[in-house]
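Structure assessment
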Amino acid sequence: MQTNILRPVPRLSYQELSKRYQSATTNRQQRYWNLIRLMAHPTEPRTVTEAAEAVGFSQRWARQLVHRYNDKGPDGYYDQRKHNPGNAPLLTDDQKAEL
């Protein structure tokens, strides 16, 4: 019985993934790109479990990131928090002025 091994879709070359990893401006970005880079290595690709351990992610989070990369591509891969407006304020402007 063949098992499906989760792999990143080959959208970028290994060299391009390495460039994104090396040019990352935050530790978070670096870890995200390194996860995909390790799994996309041309001769010694790591499993999601091995790559997750190497970059310090849980296996579950790493799997979610690989699925995001596969679904949204390199431009939609990184941090999605900027698209989350957060909760509505609890106080109105008038209530804030009273304080």
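Residues numbered from 1 in each chain as written. Predicted model: local features only at pLDDT ≥ 70, side-chain atom pairs only at ≥ 80, totals over all residues. Heavy atoms only, no water.

**Concerning the overall build of the chain**
Stated formally: Counting from the N terminus, the helices are the DSSP runs of H or I reaching at least four residues and the strands are the DSSP runs of E reaching at least two. The classification of residues rests on relative accessible area computed with a 1.4 Å probe and restricted to protein chains. Under 20% of the type maximum is buried, over 50% is exposed, and intermediate values are partly exposed. Two residues qualify as a contact provided that any one of their heavy atoms is within 4.5 Å of a heavy atom in the partner residue. In these tables, accessible area is a Shrake-Rupley quantity obtained with a 1.4 Å probe, and a residue counts as shielded only by the protein chains included in the view.
When you go through the chain residue by residue, the secondary structure sums to 5 helices and 0 strands. Taking all 99 residues of the chain together, 31% fall into the buried category. Expressed as a percentage of contacts within the chain between residues at least 6 apart in sequence, the contacts between residues at least 24 apart total 53%. A total accessible area of about 7,300 Å² is found for the chain, and carbon and sulfur atoms account for 46% of it.

**Description of helix H3 (residues 48-55)**
Definition in use: Throughout, the arc means that of the directions going from the helix axis to the C-beta atoms.
When we look at burial in H3, the residues that qualify are Val 48, Ala 51, Ala 52 and Val 55. Across the axial projection of H3, the buried residues extend over an arc of 100°, all falling on one side. Considering only its buried residues, H3 is in contact with helix H2 (27-39) and helix H4 (59-72). The first or second residue beyond H3 is Gly 56, which carries a positive phi of 85°.

**Here's the deal with a nonpolar patch on the surface**
Basically, it comes down to this: For patch detection, residues must exceed 30% relative accessible area and be free of salt bridges, and they are connected within 9 Å for like charges or within 5 Å for nonpolar side chains (Val, Leu, Ile, Met, Phe, Trp, Tyr). Only one rule defines a salt bridge in this text: a Lys or Arg side-chain nitrogen within 4 Å of an Asp or Glu carboxyl oxygen.
Side chains of Leu 90, Leu 91 and Leu 99 sit close together on the surface and give an oily, nonpolar patch of about 410 Å² of accessible area. Relative to the helices and strands, Leu 99 is located in the segment after helix H5 (93-98).

**What to know about the confidence of the model for the chain**
Here is the rule we go by: A residue's pLDDT is simply how confident the predictor is in it, with values from 0 to 100.
The predicted model of the chain has a mean per-residue pLDDT of 89, with 90% of residues at 70 or higher. For the chain, H5 is the element with the lowest average pLDDT, namely 85, and H3 is the one with the highest, namely 97.

**Observations concerning the pattern of salt bridges**
Where charged atoms from two side chains of opposite charge approach closely, those side chains can pair. In this structure the tally under the stated criterion is 1 salt bridge. Salt-bridge contacts for Arg 20 lead to Glu 16; the nearest nitrogen and oxygen are separated by 3.5 Å. Placement of the pair is Arg 20 and Glu 16 together in helix H1 (residues 14-22), with a separation of 4 residues, close to one helical turn. Accessibility expressed as a relative area gives 24% for Arg 20, which makes it partly exposed. Residue classification places Glu 16 among the partly exposed positions, given a relative accessible area of 27%.

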